[in-house]
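# Inside the fold
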Amino acid sequence: MNLGRTLCVMAVLLCLGACSSNKHRPYKPTDREQVQRIGLLTPAVPDRMAVRMVIHPGQSLGLVGMLLAEGDMGGKTGDFTRAMQSQGLHCRGAFIEQIEQGLTQAGYIIEPITVVRPRDEHAFLDRYPRSNGTVDAYLDLYADLVGYTAAGSGTPYRPTVYLHVRLVSARDHKVIYQDQIAYNAFGDGDGAITLTPAPGYEFAAFEQLMAQPQKAEQGLQMAMRATSDELARQLR
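Worth saying up front: this structure is predicted, and the values here are computed from it rather than measured. (Residues numbered from 1 in each chain as written. Predicted model: local features only at pLDDT ≥ 70, side-chain atom pairs only at ≥ 80, totals over all residues. Heavy atoms only, no water.)

## Thoughts on the overall build of the protein
Scanning the protein from N- to C-terminus turns up six helices and seven strands. For the protein, the N- to C-terminal ordering of α and β elements is α-α-β-β-α-α-β-β-β-β-β-α-α. Among the 236 residues that make up the protein, the fraction classed as buried is 50%. Of the contacts made within the protein by residues no fewer than 6 positions apart, 71% connect residues no fewer than 24 positions apart. Approximately 11500 Å² of the protein is accessible, and the part contributed by carbon and sulfur atoms is 52%. (Helix = DSSP H or I, 4+ residues; strand = E, 2+ residues; numbered from the N terminus. Buried < 20%, exposed > 50% of the residue type's maximum accessible area, 1.4 Å probe, protein only. Contact = heavy atoms within 4.5 Å. Areas by Shrake-Rupley, 256 points an atom, 1.4 Å probe, with all protein chains shown as cover.)

What follows is the structure, given as C-alpha cells:
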C-alpha cells in the first residue's frame, strides 16, 4: 500500500462513528408525493470487505506505527475478502441487489443508471445526469465501509456498514433527502441513523472470523440487508 493510499484510508477511518460532515435533510411528505420513480445511480460500494480496528495498538507509535497498523489491517482485509469471495459473496453486487429490492418493496419504480465514479472515492457525486423525464429523483449512495470492525485490541469484531444517502430532484438537482445509516456505529453516531448489530455475529479475534466463513458471511449479509431495509423505511 503506497503512502498516499494509506493516508487516504486513515482519513476515512477517522470518520468512523462521526457524521458531522454529513448534513441531514429530512424527507418531507410533500417531496415524497412527487417521487414515484427513482434513478439509482451506480453506488460507490467497495468490493473489498474491510477488517478494521478503530483504535489499533500500532497507532500509538507515531507515523511508522500508524503505517504498520494500516499494513496489518490491509492484509487482514485482503485475506477476509478472498475468503468471502470464495463463499460466493461479492459485496458490491449483493448490496446493490438488496437496496433495489428494499426500494421496490417500498413502492418505488427503480431504474438503475450507470455513472462513473473515481476509484475508491468516498463522496457524493459533484454533478448529476441531465433528466430525460423517465425518473423523478436520483438516489446517490456511497459506503465508507462494509466489513467487520472492532473498537480495539481485546474487543470483538462485529459486522459494520456505513452508508451515506442523498436523494436529489431529477429536474433541478435540489437535495430533497440526505442522511447516513450506520450499522454498528461507534460512539453515539453523531446524528446518524444507528442500527444495533444482530447478536450472535461477534468474533473475539481475526482468527475466529476466518475460521467461521459461513457465519461471517451471514453476519455481513444481515448487516447489508438491515441497512437496505432502513433506507427503504426512511424513504416510505
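## Section: the pattern of salt bridges
The tally for this structure, following the rule as stated, stands at nine salt bridges. Residues Asp47 and Arg92 are paired through a salt bridge, measuring 3.5 Å at the closest nitrogen-oxygen approach. With Asp47 in the loop between strand E1 (37–41) and strand E2 (50–55) and Arg92 in helix H4 (residues 91–105), the pair connects residues that are 45 residues apart, well separated along the chain. According to the relative accessible area criterion, Arg92 is partly exposed, its value standing at 34%. Here Glu230 ties to Arg233 by a salt bridge, and the two come within 2.9 Å at their closest N and O atoms. Of this pair, Glu230 and Arg233 both sit in helix H6 (residues 213–234), three residues apart, roughly one helical turn. (Salt bridge = Lys/Arg side-chain N within 4 Å of Asp/Glu carboxyl O.)

## What to know about the environment of His173
Turning to its location among the elements, His173 is positioned in the loop between strand E5 (158–169) and strand E6 (175–183). Judged by its relative accessible area of 29%, His173 is partly exposed. Sequence separation between His173 and Tyr128 is 45 residues; the distance between their C-alpha atoms is 7.0 Å. A distance of 3.0 Å separates a polar atom in the side chain of His173 from the backbone oxygen of Pro129. (Polar contact = N/O pair within 3.5 Å; in protein donor to acceptor, adjacent residues only side chain to side chain.)

## Focus on H6
With 22 residues, H6 ought to run about 32 Å at 1.5 Å a step, and its terminal C-alpha atoms sit 32 Å apart, in line with that. Within H6, burial applies to Ala216, Glu217, Gly219, Leu220, Gln221, Ala223, Met224, Thr227, Ser228, Glu230, Leu231 and Ala232. (Expected span 1.5 Å × (residues − 1).)

## Quick notes on the nonpolar core
The biggest cluster of nonpolar side chains holds 50 residues, and the ones touching the most others in it are Phe80, Leu139, Leu167, Leu231 and Leu235. Filtering out sequence-adjacent residues up to four positions away, Leu139 remains in contact with Ile38, Gly39, Leu40, Leu41, Leu103, Val165, Arg166, Leu167, Leu231 and Leu235. (Core = buried A, V, L, I, M, F, W, Y, C linked by side-chain atoms within 4.5 Å.)

## Thoughts on the confidence of the model for the protein
For the protein, per-residue confidence averages 87 on the pLDDT scale, and residues scoring 70 or more make up 87% of the total. A low-confidence stretch, residues 1–21 stays under pLDDT 50, and its non-local contacts, those more than four residues away or across chains, total 31 contacts. (pLDDT = per-residue confidence, 0-100.)

## Notes on the side chain of Thr77
Positionally, Thr77 belongs in helix H3 (residues 62–86). For Thr77, a relative accessible area of 6% puts it in the buried group. Separated by 2.9 Å, the side chain of Thr77 and the backbone nitrogen of Val51 make a polar contact. The residues touching Thr77, leaving out its near neighbours within four places in the chain, are Arg48, Met49, Ala50 and Val51.

## Comments concerning the packing of aromatic side chains
When we look at a pair of aromatic rings, we describe it by the centre distance and by the angle of the planes. Evaluation of the coordinates by the stated rule reveals four aromatic pairs. Geometrically, the ring pair formed by Tyr27 and Tyr177 is tilted, given 5.9 Å between the ring centres and 55 degrees between the ring planes. Taken together, the positions of Tyr27 in the loop between helix H1 (3–14) and helix H2 (29–34) and Tyr177 in strand E6 put the pair 150 residues apart, joining distant regions of the chain. Of the two residues, Tyr27 and Tyr177, both sit in the buried class. (Phe/Tyr/Trp six-rings, centres within 6.5 Å; stacked < 30°, edge-to-face > 60°.)

## A closer look at the environment of Val175
Assignment of secondary structure puts Val175 in strand E6. Residue classification places Val175 among the partly exposed residues on the basis of a relative accessible area of 24%. For the pair Val175 and Arg25, spaced 150 residues apart in sequence, the C-alpha to C-alpha distance is 8.0 Å. Residues within four places of Val175 in sequence aside, it is in contact with Arg25, Arg166, Leu167 and Val168.

## Structural notes on unusual backbone geometry
The phi dihedral of His173 is positive, around 65 degrees, even though this residue is not glycine. Positive phi is not limited to glycine here, since Asn184 has a value of about 70 degrees. Within the secondary structure, Asn184 sits in the loop between E6 and strand E7 (193–195). Here Asn184 falls in the buried class, since its relative accessible area comes to 6%.

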